[in-house]
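Descriptive structure summary
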Amino acid sequence: MILYSEKKQEGLLLLLLCFVSIPFSSLPSVSFSRHAPSSHSSPSPLPFATSSPAMAAAAPLWQPQEEGLREICSLLDAHISPNSDQARIWHQLQHYTQFPDFNNYLVFLLARGEGKSFEVRQAAGLLLKNNLRATFSSMPPTSQQYIKSELLPCIGATNKAIRSTVGTVISVLFQIVRVAGWIELFQALHQCLDSNDLDHMEGAMDAIYKICEDVPEELDVDVPGLSERPINIFMPRLLQFFQSTHASLRKLALGCINQYIVVMPAALYMSMDQYLQGLFNLAKDPSADVRKLVCSAWVQLIEVRPSILEPHLKNVTELMLQANKDSDDEVALEACEFWSAYCDVSMPPEGLREFLPRLIPTLLSNMVYADDDESLTDAEEDESFPDRDQDLKPRFHASRLHGSETGEDDDDDDAVNVWNLRKCSAAGLDVLSNVFGDSILPTLMPLIQQNLARTDDDAWKEREAAVLSIGAIAEGCITGLYPIFHSITCWTLSRYSKFIVQSLEHPNGREQFDKIILGLLRRILDTNKRVQEAACSAFATLEEESAEELVPHLGIILQHLMCAYGKYQRRNLRILYDALGTLADAVGAELNQVKYLDIFMPPLITKWQQLANSDKDLFALLECFTSIAQALGPGFSQFAEPVFQRCISLIQSQQLAKVDPAAAGALYDKEFIVCALDLLSGLAEGLGAGIESLVAQSSLRDLLLQCCMDEAADVRQSALALLGDLSRVCPIHLHPRLQEFLNVAAKQLNPQCVKDAVSVANNACWAIGELAIKIGKEISPVVISVVSCLVPILKSPEGLNKSLVENSAITLGRLSWVCPDIVAPHMDHFMQAWCNALCMIRDDFEKEDAFHGLCAMVAANPTGAVGSLAYICQACASWKEIKSEGLHNEVCQILNGYSSTSQRVSGKNYHHRRGRESYWSVQWTFGFVCDSTATPRQHTAKLKRGTEQGPKHKLGPLESLAPLEGLGIASPPSCPSCGSRPMALMTTKAVKRIKKKYQASD
């Protein structure tokens, strides 16, 4: 055991670290100078200590003065005392930062501080470590060499704490100078490893381990002066230590090699058989630390090198199963990680199936609360105790993202979410359920039912573990759990929200739904904070799935939520706001009734008025009002003016705080601006044109432009969302600064901005499209620059946000609609990629806008679209139904125009040569396309006579232009002449389908 903990020491030294980057000069109270060597005693030098002339010469060049040494020791001794005046000590040590040889004193104390306490020597070493990080490169070469030379003899110090501290300092120094800058280090380490002295071997291994942990790749490089790479020299010795009689050496050797599993140097790869055999031998090691590292090695290997384990997989799995039941919880936890890793790398599931009857009971047993689990302290009735500041988890507002339909909220409480064996076992069971599905239920369900059936008071932990296991398998085994559905708790119910709503169509489904609603509402009023939180979160999740199914229960839901509103402390109030906002999103305008408004609006308005502009509890309330404003629509107008003015005030005060916090009376926090902007968007969406009078009388336009140019991405994201919303309802108030808004939005679409902040680019793209529809030709100055940014997105959509690709396609269509003369000449650069993107957009008014643009552009440049005709047809076929009669007529006009053209050229063949082969790409009136050296006439003749696989009907020219791919038509037969697979072969059903869509004549 280290006498003085390094982590504790580093914590105590925190106040001292700010001085490490200041250059040293002189100290008035103590004189530091260089003298000839004194006769003080020193540790016996090892043979390698004088292997370098530079080292031998450097050692006697500097000696400390006794007075300075005593004063530094006194300060360090006082510093590690719990009752010392830390501020005074800090000022005194800061005074010492003037001296260039201050670090020499520290290394002297560490290396040669005989007679001093180990704690003082260790404190000097840790202070030296932090100094070296900041100042070593700027030290005089003599000081650098002195420090190096003093550290090496201490690698094998008799005191373990000193050895460990020296290893830490060596690792930090090595990160600075690397191998080539300290060849003597590896000579010293090698000699220590070859000695029979345990202190020297352990000290060298400790230093090597820390180097491997920090910069493993640095030992796998060629170095002038060394015949081999360092790792090649050390690897055989490390493997030998697997058989050492000393647990500390086995642990350090295994820890060193484990650091190289990911980078896999040649030295390890060539020794893999010996390494694996060593792991098998150490699996039953008496040291828990060694067994833990063995499990860690197997987990890392299966994660990054699964092919290495395949021949040994059965034996490894058996060992990990046994380790999962280890008496040491840390070993069992490390072994438990193996099951998730096994499934995540898509190893053959059959290799694990035979172990399931033994593995599942082990996981369930490990899911029981440990007696010392910190989570158990939260099981008391504590609603009357005010939340402390440290109870409030830092909150990050989620900005509005237009077009995004998915999002993830991490509402976990850090205080009760320390990763442990219980949670790792539940995660492993979750993963297994997703891989093996309902097939694990015959093994698991009897165990769950057995634990749930226990009624003795001491068995509550087993019952809770059974409930946890039901939640863990919710996604993987949902269809097999209905019989015990009523026995699950609030958290588990939230996992089954979708299932609960789907069951409404089944017998007794409505009765079950009503019982769950009332049960959750009762638990929302529980006296325990954790139960309140779980029930409220579960109810919010159920609200998202239930939507209009909640309307009959609105009265009782609002009464319970407002009752909880009067009980909850600050943390759970945030969750309650979320539940209320989610309810508004779910039921929409149904909430806009006086009987409901009278229940929930007065308490919210009261809280709104109580909270100061600098109170962070305002964030959740602003989000809640955003959802309510959108749901109530014009019904929110009675509350709109004070809410609107508060938002403007918040933005103004925060922008002032950004430049002058004193004048603003608060520190700058961008979250206030983001929340206020989102609420204004909600008002614009809810009130529609009704917000125009509020905007006209405010400074919102200028504030919005500032926010659109803010350096914070989430501020720009919300600002651009508001810009798009205002473009829809009151574009006239944007006109005075319209071109500035357009230029700012267009800049967010350049490739680097898209890469850095894709959500900002998404909202900018959407806002430009909305502006284009409203202002028409006025957008022409930015059309080319915007189109040039949208085209790369459409051409390379892989890995990009789906919403960004869809918005890019829609905005390009809107720009083409209002400015076809500008866009049409460039259509050959993007038409095919654009059509592919249009196929993926759901049928709605935005897709209609995009197709208006497509038709306008083709009409402006019909010849430019000929090469992409098949893609245009495919995009048109992606509609389930075009509800707009005007758009329907435009599409038919475009296609019929090309139909007439195709009749005049039908039967002509176009080809190009590639080497000696001729590749035909011809769309005949039979709708047949293939690549062949045979002539099209031969194909036609055979098809006319009819074959088993060939078509027996004649297609019109329009149908022959529609490709098969993407239309949902079965794959065509092979060419009867050459056997190749055609690209487009229309069946009779396909012909009728296209005729019905576009009224094309055969």
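Below, the structure is looked at part by part. What you see is a predicted model; the values in this text were computed from it and never measured. (Residues numbered from 1 in each chain as written. Predicted model: local features only at pLDDT ≥ 70, side-chain atom pairs only at ≥ 80, totals over all residues. Heavy atoms only, no water.)

**Describing the overall build of the protein**
Each helix and strand counted, the protein has 50 helices and two strands in total. Every one of the 1002 residues in the protein was classed for burial, and the buried ones make up 54%. Sequence separation of at least 24 residues holds for 74% of the intrachain contacts in the protein that already meet a minimum separation of 6. (Helix = DSSP H or I, 4+ residues; strand = E, 2+ residues; numbered from the N terminus. Buried < 20%, exposed > 50% of the residue type's maximum accessible area, 1.4 Å probe, protein only. Contact = heavy atoms within 4.5 Å.)

**Quick notes on the pattern of salt bridges**
In this structure the tally under the stated criterion is 37 salt bridges. Arg495 is the salt-bridge partner of Glu475, the closest N and O atoms lying 3.8 Å from each other. Here the residue Glu475 occupies a position in the loop between helix H23 (460-472) and helix H24 (490-495), and Arg495 occupies one in helix H24, the gap between them amounting to 20 residues. Overall, Glu475 belongs to the exposed group, its relative accessible area being 56%. Through salt bridges with shared partners, a single ionic network connects Arg728, Glu770, Arg814, Glu846 and Asp849. (Salt bridge = Lys/Arg side-chain N within 4 Å of Asp/Glu carboxyl O.)

**Description of the side chain of Lys148**
By the secondary structure assignment, Lys148 is in helix H7 (residues 141-151). Here Lys148 sits buried without a salt bridge, and the closest side chain of opposite charge, Glu184, lies 5.7 Å off (N-O distance). Ignoring anything within four residues of it in the chain, the contact list for Lys148 reads Phe136, Leu173, Val177, Gly181 and Trp182. (Lys, Arg positive; Asp, Glu negative; His and termini not counted.)

**Quick look at helix H44 (residues 831-839)**
The complete set of buried residues in H44 reads Met831, Ala833, Trp834, Cys835, Ala837 and Leu838. Here the buried face of H44 lies against helix H41 (780-795), helix H42 (802-818), helix H45 (845-860) and helix H46 (869-877).

**Let's talk about the side chain of Arg716**
Of note, Arg716 is situated in helix H37 (residues 713-729). With no salt bridge to any partner, buried Arg716 finds its closest opposite charge in Asp710, at an N-O distance of 6.1 Å. A polar side-chain atom of Arg716 sits 3.1 Å from the main-chain carbonyl oxygen of Glu711. Polar contacts involving the side chain of Arg716 include one to the side chain of Gln748, which spans 3.2 Å. (Polar contact = N/O pair within 3.5 Å; in protein donor to acceptor, adjacent residues only side chain to side chain.)

**A short note on unusual backbone geometry**
In this structure, Asn508 takes a positive phi of about 65° despite not being glycine. Mapped onto the elements of the fold, Asn508 is located in the loop between helix H25 (497-502) and helix H26 (509-524). Relative accessible area serves as the criterion here: at 57%, Asn508 is assigned to the exposed category. The backbone of Ala547 sits at a positive phi, close to 50°, despite the residue not being glycine. Relative to the elements of secondary structure, Ala547 occurs in the loop between helix H27 (529-546) and helix H28 (554-565).

**Overview of the environment of Ile155**
In this structure, Ile155 sits in the loop between H7 and helix H8 (160-177). Residues Ile155 and Thr165, spaced 10 residues apart in sequence, show a C-alpha to C-alpha distance of 9.4 Å. What Ile155 contacts, discounting residues up to four positions off in sequence, is Arg163, Val166, Ile170, Leu185, Ala188, Leu189, Cys192, Asp199, His200, Gly203 and Ala204.

**What to know about the packing of aromatic side chains**
One pass over the structure, following the stated rule, counts 18 aromatic pairs. Ring centres 5.1 Å apart and planes at 50° place the aromatic pair Phe280 and Trp298 in the tilted group. Residue Phe280 is found in helix H14 (residues 272-282), and its partner Trp298 is found in helix H15 (residues 288-304); the two are separated by 18 residues along the sequence. Between Phe636 and Phe639, the ring centres sit 5.6 Å apart and the planes meet at 55°, which makes this aromatic pair tilted. Take Phe636 and Phe639: they sit in the same class, and that class is buried. Taken together, the ring pairs connect Trp62, Tyr105, Phe108 and Tyr146 into an aromatic cluster. Stacked on the ring of Phe241, the Lys or Arg Arg237 has its end atom at 4.4 Å from the ring centre. (Phe/Tyr/Trp six-rings, centres within 6.5 Å; stacked < 30°, edge-to-face > 60°. Lys NZ or Arg CZ within 6 Å of the ring centre and 35° of its normal.)

**Focus: the nonpolar core**
By size, the foremost hydrophobic cluster in this structure holds 301 residues, and its most contacted members are Tyr275, Phe636 and Ile779. Apart from residues no more than four positions distant in its own chain, Ile779 is found in contact with Leu742, Ile768, Ala772, Leu815, Val818 and Cys819. (Core = buried A, V, L, I, M, F, W, Y, C linked by side-chain atoms within 4.5 Å.)

**Some details on the state of the cysteines**
In the structure shown here, the tally under the stated rule is zero disulfides. The closest cysteine sulfur to the non-disulfide-bonded Cys675 is located on Cys647, 9.5 Å from its own sulfur. Sulfur of Cys708: no disulfide; nearest cysteine sulfur belongs to Cys707 and is 7.2 Å away. (Disulfide = S-S within 2.5 Å.)

**Observations concerning the packing of H41 against H42**
At a minimum axis distance of 10 Å, the contact between H41 and H42 shows a crossing angle of 145°. Remark: the crossing between H41 and H42 carries left-handed chirality. Of the residues in H42, those in contact with Val783, Val786, Val787, Leu790, Ile793 and Leu794 of H41 are Leu804, Val805, Ser808, Ala809, Thr811, Leu812 and Leu815. Residue classes in the contact of H41 with H42 are distributed as 11 nonpolar, two polar and no charged. (Axes fitted to C-alpha atoms, helices over the stretch in contact; angles between N-to-C directions. Left-handed = near helix turned anticlockwise from the far one by under 90°. Nonpolar A, V, L, I, M, F, W, Y, C, P; charged D, E, K, R; others polar.)

**Focus: a nonpolar patch on the surface**
On the surface, Val262, Val263 and Val304 cluster together into a nonpolar patch covering about 230 Å² of accessible area. Locating Val262 in the fold gives a position in the loop between helix H12 (247-258) and helix H13 (266-270). (Patch = residues over 30% accessible without salt bridge, like charges linked within 9 Å, V, L, I, M, F, W, Y side chains within 5 Å. Areas by Shrake-Rupley, 256 points an atom, 1.4 Å probe, with all protein chains shown as cover.)

**Considerations on a negative patch on the surface**
On the surface, Glu544, Glu545, Asp578 and Asp585 cluster together into a negatively charged patch. Elements supplying a minimum of two residues to the negative patch: H27 and helix H29 (570-587). (Charge placed at Lys NZ, Arg CZ, Asp CG, Glu CD.)

**A look at H46**
Counted residue by residue, H46 has seven buried out of nine residues, so it is predominantly covered. Looking only at H46, the buried set comprises Leu869, Ile872, Cys873, Gln874, Ala875, Cys876 and Ala877.

Function cannot be read off these values alone, since they describe shape.
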